[in-house]
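If you want the building blocks of each chain, they are given just below.
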Amino acid sequence: MAAFVRACGLSELEEDTPKRVELDGTPVSVVQTEGEVFAIHDICSHANVSLSEGEVEDCQIECWLHGSSFDLRTGKPSGLPATRPVPVYPVKIEGDDVLVSLNQES
């Protein structure tokens, strides 16, 4: 069973605005968009850049440096220069707590 840890409060999230958190030394970007909350590894697979500094649109997060976008549900890139996916993590909401498991979904 996946161990979930508190990443942040649901009330701390703004729609389509990534929030960077660190869980057990792992950088994670938590995003509320389209009525759901997602957790994705915060470092672009193409360059060592924080994805939480990018923009969110259509359930994708864009790397601000080179423009690759990653699907928040799967971690897969939708365009070059990134060719490798980034990990996504299971999320559950309990009250105002956003809980994330570092056991990868993909």
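What you see is a predicted model, and the numbers here were worked out from it, not measured in a lab.

**Q** I'd like a rundown of the packing of aromatic side chains, residues and numbers included.
**A** Each aromatic ring pair is summarised here by two numbers: the centre-to-centre distance and the angle between the ring planes. Within the structure shown, the criterion is met by zero aromatic pairs. Across the ring face of Phe4, the terminal group of Lys92 is positioned such that the distance to the ring centre comes to 4.5 Å.

**Q** Explain the nonpolar core residue by residue, including any values.
**A** Counting 16 residues, the largest nonpolar core has Ile40, Leu51, Ile61, Phe70 and Leu72 as its most contacted members. By size, the runner-up hydrophobic cluster in this structure holds twelve residues, among which are Cys8, Val30, Ala39 and Val100.

**Q** Before we move on, could you go through a negative patch on the surface and cite the residues and values that matter?
**A** A cluster of acidic residues, Glu15, Asp16, Glu34, Glu36, Glu55, Glu57, Asp58 and Glu62, forms a negative patch on the protein surface. Along the chain, Glu62 falls in strand 6 (residues 60-62). Take Glu62: its relative accessible area is 31%, and that puts it in the partly exposed class.

**Q** Any chance you could break down the side chain of Thr33 for me, citing the residues and the numbers?
**A** With respect to the helices and strands, the residue Thr33 is situated in strand 3 (residues 26-33). Relative accessible area serves as the criterion here: at 2%, Thr33 is assigned to the buried category. Those residues in contact with Thr33 that lie beyond four places of it in its chain are Glu15, Asp16, Phe38, Val56, Cys59 and Leu72.

**Q** Can you break down the side chain of Ser52 residue by residue, with the values?
**A** Among the structural elements, Ser52 can be located in the loop between strand 4 (36-41) and strand 5 (56-57). Among the polar contacts listed, one links the side chain of Ser52 to the side chain of Ser50, at a separation of 2.8 Å. Setting aside residues no more than four positions away along its own chain, Ser52 makes contact with Pro18, Arg20, Ser29, Asp42 and Ile61.

Reading the values: the criteria
Residues numbered from 1 in each chain as written. Predicted model: local features only at pLDDT ≥ 70, side-chain atom pairs only at ≥ 80, totals over all residues. Heavy atoms only, no water. Phe/Tyr/Trp six-rings, centres within 6.5 Å; stacked < 30°, edge-to-face > 60°. Lys NZ or Arg CZ within 6 Å of the ring centre and 35° of its normal. Core = buried A, V, L, I, M, F, W, Y, C linked by side-chain atoms within 4.5 Å. Buried < 20%, exposed > 50% of the residue type's maximum accessible area, 1.4 Å probe, protein only. Patch = residues over 30% accessible without salt bridge, like charges linked within 9 Å, V, L, I, M, F, W, Y side chains within 5 Å. Areas by Shrake-Rupley, 256 points an atom, 1.4 Å probe, with all protein chains shown as cover. Salt bridge = Lys/Arg side-chain N within 4 Å of Asp/Glu carboxyl O. Lys, Arg positive; Asp, Glu negative; His and termini not counted. Charge placed at Lys NZ, Arg CZ, Asp CG, Glu CD. Helix = DSSP H or I, 4+ residues; strand = E, 2+ residues; numbered from the N terminus. Contact = heavy atoms within 4.5 Å. Polar contact = N/O pair within 3.5 Å; in protein donor to acceptor, adjacent residues only side chain to side chain.

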